[in-house]
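Structural features, examined
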Amino acid sequence: MGSFASRLREKAERADSRIILAFDPAGEYREVDRARELLSRLSDKVAGIKLGLPSLLAYGPGGVRRLMEGIEGPFICDLKMADIGYVNRLVAGEVFGLGFEALIAHAFIGIREGLGEVVELARERGKGVLAVCAMSHRGAEEYLNRHYLELAEASLSAGADGLVLPATFPELLKEARRRHPEALILSPGVGVQGSPFGSALRAGADFEIVGRALVFSPSPRERAEEIRREMGGWKGERSPRR
Ligand code: XMP
């Protein structure tokens with residue numbers, strides 16, 4: 001079956017895309033069937049699909065299962081988990097049970113009795129864990145982003161499958177990539193948050209997380225195609241290292 005990272009890269013190559021769609025329901029998409037239509041129209045244009053707490057609250061776990069049914073992911077669950085290991089493990093078990101291939105957890109909780117327990121469960125289930133080491137909003141500079149290198153190092157040593165680092169602070173991406181040439185890096189912050197499409201890839205990310213620019217586009221499929229071209233597809237400016 002391979003690791004989560006290899007499954008993600010395999011889909012990326014097939015879709016010729018480095019876009020991870022971040023879908024968060026608002027407006028018409030609070031209706032699960034409308035959301036399903038959108039995801040089905042975009043799934044072959046993206047490398048993966050990220051859902052989070054807004055979807056779980058809007059549709060409930062059963063609705064999320066229905067949303068994903070028959071649509072090609074891989075699906076990543078972004079709850080930015082940050083509880084003690086025991087609770088994280090319970091939540092991760094539910095998330096993987098719903099059919100998600102990977103989840104996003106905060107690295108700042110630390111490894112022992114924290115992220116480590118999530119990684120352990122993911123290994124047992126053949127799933128992936130992506131660790132948030134820095135964030136894209138301004139407030140992230142106040143505390144979290146000052147520690148991104150320690151967090152990246154600790155997460156990878158603990159066996160996390162990849163890192164989440166912000167496109168809005170490209171110097172962080174560059175430095176993390178320099179130190180971890182082989183790590184899988186996903187980057188939010190392009191589009192509505194202000195960084196140009198493709199900029200995170202050029203700074204060292206493998207994938208760019210794109211939300212509102214696609215979800216609220218009047219023609220999402222055509223927009224995905226434009227963004228994909230701007231990023232350069234899978235074999236664009238940034239060629240795969242493996
Ligand atoms: P857009 O493109 O709409 O994307 O701005 C919003 C989505 O991206 C997620 N997001 C982040 N996730 N670290 C994360 O792990 C971040 O720094 C970050 N910034 C945005 C957000 O949850 C939403 O799904």
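Placed above this text is the structure.
Here is a short report on the structure shown in this document. Counting starts from 1 at the beginning of each chain's written sequence and moves along it residue by residue. It should be noted that, the model being predicted, local features are given only for residues of pLDDT at least 70 and side-chain atom pairs only at 80 or more, the latter also being counted only at that level, while totals for whole chains, interfaces and linings use all residues. Side-chain metrics rest on all non-hydrogen atoms present in the structure, leaving aside hydrogens and water.

Right, let's talk about the overall build of the protein chain for a bit. Think of it this way: any DSSP run of H or I at least four residues long counts as a helix, any run of E at least two long counts as a strand, and we number them from the N terminus. Within the protein chain, the secondary structure is distributed over ten helices and eight strands. Atoms considered for the radius of gyration are the C-alpha atoms alone. The globule rule reads 2.2 Å times the number of residues to the power 0.38. Taken over the C-alpha trace, the protein chain has a radius of gyration of 16 Å; the compact-globule value for 242 residues is 18 Å, and the two agree within 12%. Residue exposure (1.4 Å probe, protein chains only): buried if accessible area is under 20% of the type maximum, exposed if over 50%, otherwise partly exposed. Relative to its 242 residues, the protein chain shows a buried fraction of 55%. Of the roughly 10,600 Å² of accessible surface on the protein chain, 51% is carried by carbon and sulfur atoms. For the charge count, each Lys or Arg is scored as positive and each Asp or Glu as negative, with His and the chain ends excluded. The location of each charge is read from NZ of Lys, CZ of Arg, CG of Asp or CD of Glu. Mean positive and mean negative side-chain charge positions of the protein chain (35 and 34 charges, respectively) differ by 3 Å. Note on areas: these come from Shrake-Rupley sampling with a 1.4 Å probe, and a residue is covered only by the protein chains present in the view.

Right, let's talk about the site of the ligand for a bit. Residue proximity to a molecule or strand is established when one non-hydrogen atom of the residue lies within 4 Å of it. Near the ligand, the surroundings consist of 15 residues, among which Asp-24, Lys-50, Ser-136, Gly-211 and Arg-212 are the closest. Residue Asp-24 places a side-chain N or O atom 2.7 Å away from an oxygen atom belonging to the ligand. Here Gln-193 contributes a side-chain N or O atom positioned 2.9 Å from an oxygen atom of the ligand. The fraction of the free accessible surface of the ligand (510 Å²) that becomes covered by protein chains is 89%. Any pair of N or O atoms that falls within 3.5 Å is considered a polar contact. Within protein, one atom must be able to donate a hydrogen and the other to accept it, and sequence-neighbouring residues count only if both atoms are side-chain atoms.

A separate point is the packing of helix α4 (residues 85–97) against helix α5 (residues 111–125). The geometry of α4 relative to α5 is characterised by a closest axis approach of 8 Å and an angle of 30° between their N-to-C directions. As far as their axial angle goes, α5 and α4 are roughly parallel. As α4 runs across α5, the sense of the crossing is right-handed. Taking contact as the criterion, the partners of Gly-85, Tyr-86, Asn-88, Arg-89, Ala-92, Gly-93 and Phe-96 in α4 are, on α5, Glu-113, Gly-114, Glu-117, Val-118, Glu-120, Leu-121, Ala-122, Glu-124 and Arg-125. Only the stretch in contact is used when fitting a helix axis, every axis being a line fitted to C-alpha atoms; angles between N-to-C directions are given from 0 to 180 degrees. Should an angle fall under 35 degrees it is taken as roughly parallel, and over 145 as roughly antiparallel, whereas 65 to 115 is taken as roughly perpendicular and any remaining angle as oblique. Should the near helix be turned counterclockwise from the far one by less than a right angle, the crossing is left-handed, whereas a clockwise turn marks it as right-handed. In what follows, residue pairs with any heavy atoms lying within 4.5 Å of each other are defined as contacts.

A separate point is the pairing of strand β4 (residues 102–106). Most of β4 sits out of view: five of its five residues are buried. Taking every second residue as pointing to the same face, both faces of β4 are buried, with Ala-102, Ile-104 and His-106 on one and Leu-103 and Ala-105 on the other. A strand pair is defined by DSSP finding two or more bridges across the two strands. The sheet contact formed by strand β3 (residues 75–81) and β4 spans four bridges and is parallel. Looking at β4, one finds that Met-81 is bridged to Ala-105.

This part covers the environment of Lys-45. Tracing the backbone through its elements, the reader meets Lys-45 in the loop between α2 (32–42) and β2 (48–52). Taking C-alpha positions, Lys-45 is 6.4 Å from Ser-17, a pair spaced 28 residues apart along the chain. Within polar-contact distance, the side chain of Lys-45 engages the side chain of Glu-225 at 2.8 Å.

Note on aromatic pairs: the rings of Phe, Tyr and Trp (six-membered ring only in Trp) are paired at centre separations within 6.5 Å, and the planes decide the class, stacked below 30 degrees, edge-to-face beyond 60, tilted for the rest. Inspection of the entire model under this criterion finds one aromatic pair. With a centroid separation of 5.9 Å and 80° between ring planes, the pair formed by Phe-23 and Tyr-29 is classed as edge-to-face.

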